[in-house]
Structures are given as C-alpha cells and as structure tokens.
Number of protein chains: 2
Amino acid sequence: MVRIVRIAVAQCGPIQASEDRRTVVLRLLDLMEQACRNKCDIVVFPELALTTFFPRYYEEERSAMNHWFEQGMPNPSVQPLFDYAKQHSTGFYLGYGEHTSKGHHFNTSILVDQQGVICGKYRKVHLPGDSEYNPHKRWQHLEKRYFQPGNLGFPVWRTMGGLMGMCICNDRRWPETFRVMGLQGVELVMLGYNTPTLNSLGNSESADLRMMQHHICMQAGAYQNSCWVVGAAKAGSEDGFELMAGSCIVSPSGEIVARANTNGDELIMHECDLDLCNFYKQTIFDFAAHRRIEHYQKISSQIGVEPPSE
Amino acid sequence: MVRIVRIAVAQCGPIQASEDRRTVVLRLLDLMEQACRNKCDIVVFPELALTTFFPRYYEEERSAMNHWFEQGMPNPSVQPLFDYAKQHSTGFYLGYGEHTSKGHHFNTSILVDQQGVICGKYRKVHLPGDSEYNPHKRWQHLEKRYFQPGNLGFPVWRTMGGLMGMCICNDRRWPETFRVMGLQGVELVMLGYNTPTLNSLGNSESADLRMMQHHICMQAGAYQNSCWVVGAAKAGSEDGFELMAGSCIVSPSGEIVARANTNGDELIMHECDLDLCNFYKQTIFDFAAHRRIEHYQKISSQIGVEPPSE
C-alpha cells in the first residue's frame, strides 16, 4: 500500500479587523475549492484563521475580546467549511480562538476528517508574549493575557491514512513540541502561524534572518523526528502590522519541498509519501536504539535556567 | 565588561590509519600556532582528532582496537599541545578515544584551559551505528561496538569567561543534547565530528542534503538555546572513506557566521560575543516564562516510539 497524502497549505493574506467571519470563510472556501480541484486530501489553514491576529490589541477588560473567539465548533459561520469537507472528502486543519462553555480561552486548532467530523483538537502550549501591556514593545503581543496554556499535551491521531499531529505558531521553536509527537511515531505535523515580520522589541534582526529561523525550526523538527512538517502562514499587512509569509512543506529529510511565493492567499501542494519517514525512523533516528533518557531528566523536571555555581 | 571569546575552529583533513600520533600532533600544533598568531582564545579540534576514524574497521576482538585509544591524558604524544596552550594562553577542545584504568572505552572530548589544565571532560552520549558487523552497510560504523555510552551527562563549565559546553558528532542531531546544556545557561557549545559524506546504507541522500542536515541541527541547537555553536570536522578521504567538511561557527541567532571552504586542514575564526546570547535568553527563549514541562514528560520517561493504538 502506497501511503501518499496530498497536502495543500492554504496560506492566507491579511485579515483586517473589520472583516467579518462570513467574508473570511468565503476566502477559505475558495482556497479549499482550489485544493479540491487539485485532488488534495487535506488543507492546512493558519493559526487564528477566522480573524485578524487580535492578541496585538490591548484591552483592560479581557472579556472585551470575547467577540474574537468561537463559542462552539462547528458554528454557523464556519459550517460551510465542514459541509464542503464532507461533500468533497477533503479534510482540514483550522486554527481559531476557542471560548469554552466553562469560560476558558485557548488558541486552538482542530483536525477535521474527510467525513467533515472533528477528529482531533489541539490547544497551543507555548504562548509567546506578555500577559500585561508592555511599554518596551513597538506593538503588543498579548497571547499570555488572552489565552490559557494548552491543557491537552501534544496528541497524535491515527487518521486519514497516517499518524497526524498538530501544533501552533511559536510551538515550532520548541524542540519538545516535535519530540513528544515523534515519540508517538508522528508522520505529519500541521501547523499554522501568525508571525510578525520584524521583532517587536526593535532589535537588529532582519526579516530575512527571522524567515531563516522560522524555517530551521521546522526543518530540524521534521528531520530529527523523521516526519513531514507543514506550515501555513497568515501573512501580509493586518491593520498596518506586517506578518511574515514563508508557508512551506518540509520532508522527513529536512528539505523544504514546496514554499509560498507571495504574502497573500496562496495554495501550495505536495504529495507527501508517509513511508519516506521510515528510513530515518529505522536508522539514524531509531529512538529505541539511540536515545539515552538517563541524561535527559532536566528537560522535564526543570523549567528555567539553573547555571553552574560560581 | 565585554565578553568576547575569539574562537578558532581547526578543521583537520584526513588522518590515514598509517599516521602516527607524533605526526598528527605536529599538524594540530601548526593549526594552534595559526590560531595563536591570530590572538584566538580557544581552538576547537575534531572528534577523535589523534587518529583515523577507526570505528569503520571491524575487529572480532575488541581489544585489538586498544591501540587507537589514549590510556592517560595528557600523555607524551599530546604533551606538546598542553605545553603550547600554557605558554601561549590558548585553550583547546580535543576529541580522542579514552581507555580508562578500569578498562572502559569512551568517545571523549576534553576542554583545556589557558593554563594548559584540563577543566572539563565529556563522553559522547549518542553513539551511532552498530555493535555488530552490519552486512547491509557499504562501510561499517561500529561506535556501539567499541565505545560505551557517555556516563557524565551534558555538563556546562564556567571557564574562560563564559558558560561552556561540549558534545561530539552525532550528539548534534539530538535536540536533547543542546537543551540539557541550555537549561544550564550554556553560552558556547564546542563539537567535533567525523561524518561520512554519503549514507553508509546507500540511500538517495546527496552530499549536499547531508551537509544541510548537519547545519540545520547546529543552527536549531544554537538558536533554540540562545548560544554559540562551533563545529570542527575531520574531513576528506581517510583510507578511501570520504568525510564531510563544513566546519562552522553558528551565532545565537542561528546564522552561520564562518564556514570552512576546503576539506583539508583549515582554520576559521570568529570573535564570539557571549552577550549576544542574552537577548534571546531574556525574550523569546526565556525558559522560565515559556517552558511547559507538564507536557514534556515522555521525553525523559520513554525511550522508543509508542504509537497511539489502532
């Protein structure tokens, strides 16, 4: 059995604060139709794909942000995506702000299968930024204010022909993210992101350097865990704030095999052979043969830095 | 106080099986003199820098390999390096096969300070390859046969003006290596390697792809732990077996700031500002603020892959 998964990355151009869900969902549907015409199996949308990247806006009252969140999933605004998925047997990954019935807020992604049914949910673990207004920043990044850290870990799902994982944006910079999924045999990791083109603290990092950092994190995560990694940007200028593009598909060898050219709505596609994972998983990255957990204890027992004594 | 460490990477061309230690040490001394003329503080030599990469040779009797190992350090063959270090206040990292007084064998590196005194020892944790002859390989890679896994963990030393770490060759492909040192605040990681230009299992990886994999591992390790990473190759054709070059110096931003051009004896240098680590350590990679160890438990409790149930 050949295990080819045809992946479409649906990079999205900017979503302005003034755009309503209905307009946004029409854009996402257009990308999904393109993917379907190209016989793709799964479409990967960005993080917070239904709204602008609202954590850049400070509100004293957190509840004033509730309108950016979804209280149920699916809900009437996004139902057309679920209907389309079912009618055309096309799964998808979608990021959105989740407001639970208990009043909790998460930066969430779901995996919807080719029957239009939610088969996996992930809540972002590594929330960047601040919980309070930060006067040193050129713009705010308040994910720690508006979201709780994910409480579902990094699950891997056996669905749509393979072992699938999810993460969101800043998670990709933390090797623990990919490793915990790698230890479950993950074959394809989907991730959406909204990443500023420049550093909000105004340091000397160029846009080019930041793009390279973004790519090496995905490439190292893919190679070191012998899996496909698929990243979908929300890109371009949102209300004057620039987000990087650079959506890409990375093979288990660490190579970028497809990459977006624009910073707008754009589909990139690749036939991902999940069995390409096997060579690495069985040789250089045969975890059972090579990992030495007796020397890894600090990773899961110690949070911050503890330097050697003076 | 400006904390500049002038690092020299002393890439070595091939060392043939027939070359004796005295000849090899003269080559290393020549590189050290070049570094000293350029006012470098530390010289980084490769893994197993005193001999050919002997784990490619199969011996039924392991003791037949003992002549490739050092029984004491320093010993008369390498004493000139220690003397030079002391006379010229130049520290160094050196990889060699260690045969302990208790009869154990390790793939070891030492850090020698500017007084010519061994101030740190590391024993390679991630031994690649096989413990028995492997008929499927185009050439053998028997590190698991001739060495025991390192038993010293990944220490970090406060020496020569900074927080210094070491690892060896295949260790760089395992993000746990850099993370354990990152959790101790490491500012500069030195590593030597002997890496075949092509895959011994004859898969389709090109030399170029393997070079990229080598670099992204060091770049991700540097960036994700906000430290300098410095890699020294033994390169070129050893007894007909090709080793990759690509020695380099990676900054805490993940950029390669210096890189060898040849596959022979070659010195590359860079003034590493250890305070460049601080920006990343205090912001995007502020471990205390962002790490979520409650979701990392598998990393240190589970060795091999455990996929989700069918």
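Data block above holds the structure.
Read on for a plain summary of the structure. Remember, predicted model here, so these are calculated numbers, not experimental data.

**Details of the pattern of salt bridges**
Thought 1: Within this structure, the stated rule accounts for 38 salt bridges over all chains.
Thought 2: Among the salt bridges present, the one from R291(A) reaches E176(B), with a minimum N-O distance of 2.8 Å. One end of the pair, R291(A), is in the loop between α7 (287–290) and α8 (297–301); the other, E176(B), is in helix α4 (residues 175–182), on a second chain. E176(B) carries the same exposure label as R291(A), and that label is buried.
Thought 3: Residues joined by salt bridges that share partners form a network here, namely R3(A), E187(A) and D275(A).

**A short note on the interface of chain B and chain A**
Thought 1: Between chain B and chain A, the contact holds 71 residues from the first and 71 residues from the second.
Thought 2: Between chain B and chain A, a total of about 6,300 Å² is buried, with carbon and sulfur atoms accounting for 65% of that surface.
Thought 3: Where chain B touches chain A, the interface holds 41 residue pairs in polar contact (both at pLDDT 80 or more).
Thought 4: Top element by residues in the side of chain B that touches chain A is helix α5 (residues 207–225) of chain B. It accounts for nine residues.
Thought 5: A class-by-class count of the residues in the side of chain B that touches chain A yields 33 nonpolar, 25 polar and 13 charged.

**Section: unusual backbone geometry**
Keep in mind that most residues, glycine aside, have a negative phi and that most peptide bonds are trans.
All names here are of chain A.
Thought 1: Across the junction of M73 and P74, the peptide omega takes the value -5 degrees, indicating a cis bond.
Thought 2: Tracing the chain through its elements places P74 in the loop between β2 (42–44) and α2 (79–88).
Thought 3: At S226, a position not held by glycine, the phi torsion is positive, near 55 degrees.
Thought 4: Residue position: S226 is located in the loop between α5 (207–225) and β9 (228–233).

**A word on the sheet that holds strand β6 (residues 156–159) of chain B**
Picture the strands of a sheet paired through backbone hydrogen bonds; they go either parallel or antiparallel.
All names here are of chain B.
Thought 1: Pairing within the open sheet is mixed, and its six strands lie in the order β6-β7-β8-β9-β12-β13. The sheet is open, and its two borders are formed by β6 and β13 (256–259), each paired with just one other strand. Within this sheet the neighbouring strands show an average axis-to-axis angle of 20 degrees, counted without direction.
Thought 2: Where β6 and strand β7 (residues 162–168) come together, four bridges link them in antiparallel fashion. Its bridge partner lying in β7, W157 is registered against M164.
Thought 3: Against the sheet, α4 touches β6, β7, β8 (188–193) and β9 (228–233), its axis set at about 160 degrees to β7.
Thought 4: Across the sheet, α5 touches β8, β9, β12 (248–250) and β13, and the angle it forms with β12 is around 35 degrees.

What counts and how
Residues numbered from 1 in each chain as written. Chains lettered and ligands numbered in written order. Predicted model: local features only at pLDDT ≥ 70, side-chain atom pairs only at ≥ 80, totals over all residues. Heavy atoms only, no water. Salt bridge = Lys/Arg side-chain N within 4 Å of Asp/Glu carboxyl O. Helix = DSSP H or I, 4+ residues; strand = E, 2+ residues; numbered from the N terminus. Buried < 20%, exposed > 50% of the residue type's maximum accessible area, 1.4 Å probe, protein only. Contact = heavy atoms within 4.5 Å. Buried area = accessible area lost by both parts, 1.4 Å probe. Polar contact = N/O pair within 3.5 Å; in protein donor to acceptor, adjacent residues only side chain to side chain. Nonpolar A, V, L, I, M, F, W, Y, C, P; charged D, E, K, R; others polar. Pairing = 2+ DSSP bridges. Axes fitted to C-alpha atoms, helices over the stretch in contact; angles between N-to-C directions.

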